[in-house]
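# Observations on chain architecture
Chain by chain, the residues:
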Amino acid sequence: MRAKKLLTLFLYAAACALVVAGAFFLGARRAHDDLMEQGHRQLQLMAPDLQSLLERFETLPFVLGQQRELANALAHADDPDTVARMNATLQAIQRQAQVGALYLMDRDGLTIAASNWDQPLGFVGKNFSYRPYFSEALAGRAGRFYGIGTNTGEAGYFIAQPVYRNGSAGGPVDGVIAVKITLDEFERTWASSEDPILLADRHGVIFRTNRPAWRYHSLHPLSAATRAELARTQQYMGQALAPVGEPAGPYVTRAVGRLGWQLMLFPGRGRELRAGAQWALAAALLLACAGVSGWALHQRRRRLQERTESRAALQRAAHDLERRILDRTEELSQTNRHLEQKYAKLQEAERLLRSTRDEFVQAGKLAMLGQMAAGMTHELNQPLAAIRAFADNGRTFLARGMVEQAAGNLGHIGDAAARMGAIIAQLKGFARKDEAIASVDLARSVQASAFLLESDFRRHGAALSIDTGAAPLHVTGNAVRIEQVLINLLRNALDAVGDAPRKQVDVTMAREDGWAVVRIRDTGPGISAEVAAHLFEPFFTTKPSGQGLGLGLAISSSIVQAMNGRLAAHNHDGGGAQFELRLPLPSNEESTP
Ligand code: ADP
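This section reports on the structure supplied with the text.

## Side note on the site of the ligand
Near the ligand lie 17 residues; those nearest to it are Asn492, Asp522, Thr541, Thr542 and Lys543. Here the ligand has 530 Å² of accessible area as a free molecule, and 92% of this is covered by the chains. Elements that contribute at least two residues to the shell around the ligand include exactly helix H11 (479–496) and helix H13 (552–562). The dominant element in the shell around the ligand, judged by the number of residues it contributes, is H11, at three residues.

## Some words on empty space enclosed by the protein
A water-sized probe rolled over the atoms picks out the places where empty space is left. Under the counting rule described, the total for this entry stands at one cavity of 30 Å³ or more. As a volume, the largest cavity reaches approximately 40 Å³. Lining the largest cavity are Tyr103, Phe123, Phe128, Arg131, Tyr133, Gly149, Thr150, Asn151 and Phe158. Classifying every residue of the lining of the largest cavity by side-chain character gives five nonpolar, three polar and one charged.

## Observations regarding the sheet that holds strand E4 (residues 155–164)
One open sheet accounts for five strands, arranged E2-E1-E5-E4-E3; its pairing is antiparallel. Two strands in the sheet have a free side with no partner beyond their single neighbour: strand E2 (111–114) and strand E3 (143–148). When the angles between neighbouring strand axes are averaged without regard to direction, this sheet yields 25°. Relative to strand E1 (residues 101–106), helix H3 (residues 68–75) is tilted by about 50°, and along the sheet it contacts E1, E2, E4 and strand E5 (173–181).

## Re unusual backbone geometry
Although it is not a glycine, Asn166 sits at a positive phi angle of roughly 60°. Topologically, Asn166 is positioned in the loop between E4 and E5. In this model, Met237 sits at a positive phi of 50°, which is unusual for a non-glycine residue. Tracing the backbone shows Met237 in the loop between helix H7 (224–233) and strand E8 (252–256).

## Focus: the sheet that holds strand E13 (residues 504–512)
Strand order in the open sheet formed by five strands is E11-E13-E14-E16-E15, with mixed pairing between adjacent strands. The open sheet has two free edges, formed respectively by strand E11 (463–467) and strand E15 (566–571), since each of these has just one partner strand. On average, adjacent strands in this sheet sit at an angle of 15° to one another, irrespective of strand direction. Here six bridges tie E15 to strand E16 (residues 577–584), and the two strands are oriented antiparallel to one another. Residue pairing for E16: Asn571 is matched across the bridge by Ala577. Against the sheet, helix H10 (residues 442–460) makes contact with E11, E13, strand E14 (515–522) and E16, and its axis sits at roughly 170° relative to E11, the strand it touches most. Across the sheet, H11 touches E11, E13, E14, E15 and E16, and the angle it forms with E14 is around 25°.

## A few points about the side chain of Ser218
For Ser218, the position within the fold is in the loop between strand E7 (206–209) and H7. A residue is classified by how much of its surface remains accessible, and Ser218, at 0% relative accessible area, is buried. Of note is the side chain of Ser218, whose polar atom sits 2.8 Å from the backbone oxygen of His220. Here the side chain of Ser218 touches Leu241 through a polar contact of 3.4 Å, landing on its backbone oxygen. Ser218 has contacts with Gly204, Val205, Leu241, Ala242, Pro243 and Val244, leaving out every residue within four places of it along the chain.

## Focus: the nonpolar core
The biggest cluster of nonpolar side chains holds 48 residues, and the ones touching the most others in it are Leu104, Leu183, Tyr236 and Leu263. Here this core takes seven residues from helix H1 (residues 2–56), the largest share from any one element. By size, the runner-up hydrophobic cluster in this structure holds 46 residues, among which are Val440, Ala443, Leu494 and Leu583.

## Thoughts on the packing of H3 against helix H4 (residues 80–97)
Contact geometry for H3 and H4: axes closest at 9 Å, N-to-C directions at 140°. By the angle between their axes, H3 is oblique relative to H4. Crossing angle aside, the handedness with which H3 passes H4 is left-handed. Two secondary-structure elements touch here, H3 through Glu69, Leu70, Asn72 and Ala73 and H4 through Thr82, Met86 and Thr89. The residue makeup of the contact of H3 with H4, split by class, is three nonpolar, three polar and one charged.

Reading the values: the criteria
- Residues numbered from 1 in each chain as written.
- Predicted model: local features only at pLDDT ≥ 70, side-chain atom pairs only at ≥ 80, totals over all residues.
- Heavy atoms only, no water.
- Near = heavy atom within 4 Å.
- Areas by Shrake-Rupley, 256 points an atom, 1.4 Å probe, with all protein chains shown as cover.
- Helix = DSSP H or I, 4+ residues; strand = E, 2+ residues; numbered from the N terminus.
- 1 Å grid on protein atoms, 1.4 Å probe; cavity = no way out; pocket = protein on both sides within 12 Å on 5 of 7 lines; lining within 4 Å.
- Points joined across faces, edges and corners; volume = space filled by probe spheres on them.
- Nonpolar A, V, L, I, M, F, W, Y, C, P; charged D, E, K, R; others polar.
- Pairing = 2+ DSSP bridges.
- Axes fitted to C-alpha atoms, helices over the stretch in contact; angles between N-to-C directions.
- Contact = heavy atoms within 4.5 Å.
- Buried < 20%, exposed > 50% of the residue type's maximum accessible area, 1.4 Å probe, protein only.
- Polar contact = N/O pair within 3.5 Å; in protein donor to acceptor, adjacent residues only side chain to side chain.
- Core = buried A, V, L, I, M, F, W, Y, C linked by side-chain atoms within 4.5 Å.
- Parallel < 35°, antiparallel > 145°, perpendicular 65-115°, else oblique.
- Left-handed = near helix turned anticlockwise from the far one by under 90°.

What follows is the structure, given as structure tokens:
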């Protein structure tokens, strides 16, 4: 994947490079053609100018050569006046015609007179016989030449014509008149041109150019013969004339003048390259634009794809979630169904348990009744036997007239009957079920219970103190039942202190967190751990037979529980046992102070 991407990138880069290179060559090529065209047009304008410059002065030496005055000067070259006059004339003409120089030579090439006679580098006295234009003119033909002035070092175009004796053309030639034309002005017009322009002679030697480095260099290596000829004529004053170093490149050329010159123009390589570079740059920019657009498009497509993918993923996740929720819901409803079933079963079990418990309670009561019947038979037998004995004795006492003793026996009989009544009364608790419920003043119940046992306490020499507290405590319940519980607790306390050195029972009452609390404390031996474990079981007793049935606490506990109260026992820190009866205060009672 990555390799493929790289390959694509590489191919794209290669294609781009190819296109840019193509654009470069195309641009350069087009520019080249344009430039060549332009060069042609430029040369078309330049060449005639040069031509006319060269031609303009063709007639000047020709006309002068036929002047008698010049022939005369040559004839009287040794006459200073004649020469001076000649100098002045040549100078005047030179100034008028605006040529470089105008000078007259004798047949030996010696300069007789010159327009520049008064200048330090004047030609007068100089010999130019070595110049080809001199020999040409001496031979009766027009001599034309371009070269560096051996005297002045200034280059120029020389036109020479023969000076005929007596000024008659076709006659004997006495000397040569030459005009020097400088091409400096002409060359100066090239300076502004960016492209190289040059003027080369027929050998290919560059003698005029706007490229200073090219001047007096050859377009191509010169032959030995050419070099020899150039040395002889001193055309270029011994310049090296080495070939131009840099490649000249494409050019346009036009022949100019009568010496086989070539006017050459090298349409700028730089411009060509610039044009190519511009095209290449444009292509590169276009490609870059295309690349960026392509990339942006690609990115956009990728983003869209990513978005679609993420949307699909989201949908999948949502689907998944939905399915999981459905599964979970199904699981939960199944669990719920299970729970409901279990609950139903539990309810059933509870109902069963309740009925079973009721049955057990009933059965327990029956069993207890049996036990009680046995206990009661035993309990009641004793007083019954006593009553019989007291009655028999009483009859005997009455028969003997012992009324007092008989009355004592009757009292004993009453006591025994009372005891039997008490035993029977205890059993009532099991028989009764529905009782009248009312608001019960707990203090009054305590007082009533204490009153019933007052004589017993007194008989045993035990002290009973009751502290009913500051405020009255009212509970909801059955007064008889509450008193039954209190009597039981008080009687047990009295029993407990029976053998104690100090026989004291204290009853205190208090209101504690919504409870009415009655505490009965004795100075007895307290409750051993063994006894404590079975304290509230029916028929559990430590008392000797005939004194306890072991039903008191069991009945009391069930009564208290029926009233939503609690019955508890523990040993007091100061010795003895303390029983605690708690009954709930009604909610309205709770708030009263
Ligand atoms: P009974 O009084 O007929 O024995 P109870 O149910 O009233 O039956 O008492 C059960 C037993 O609890 C008693 O035999 C006695 O051992 C013990 N008991 C009850 N009250 C006290 C107390 N105040 N101090 C010590 N033991 C007690």
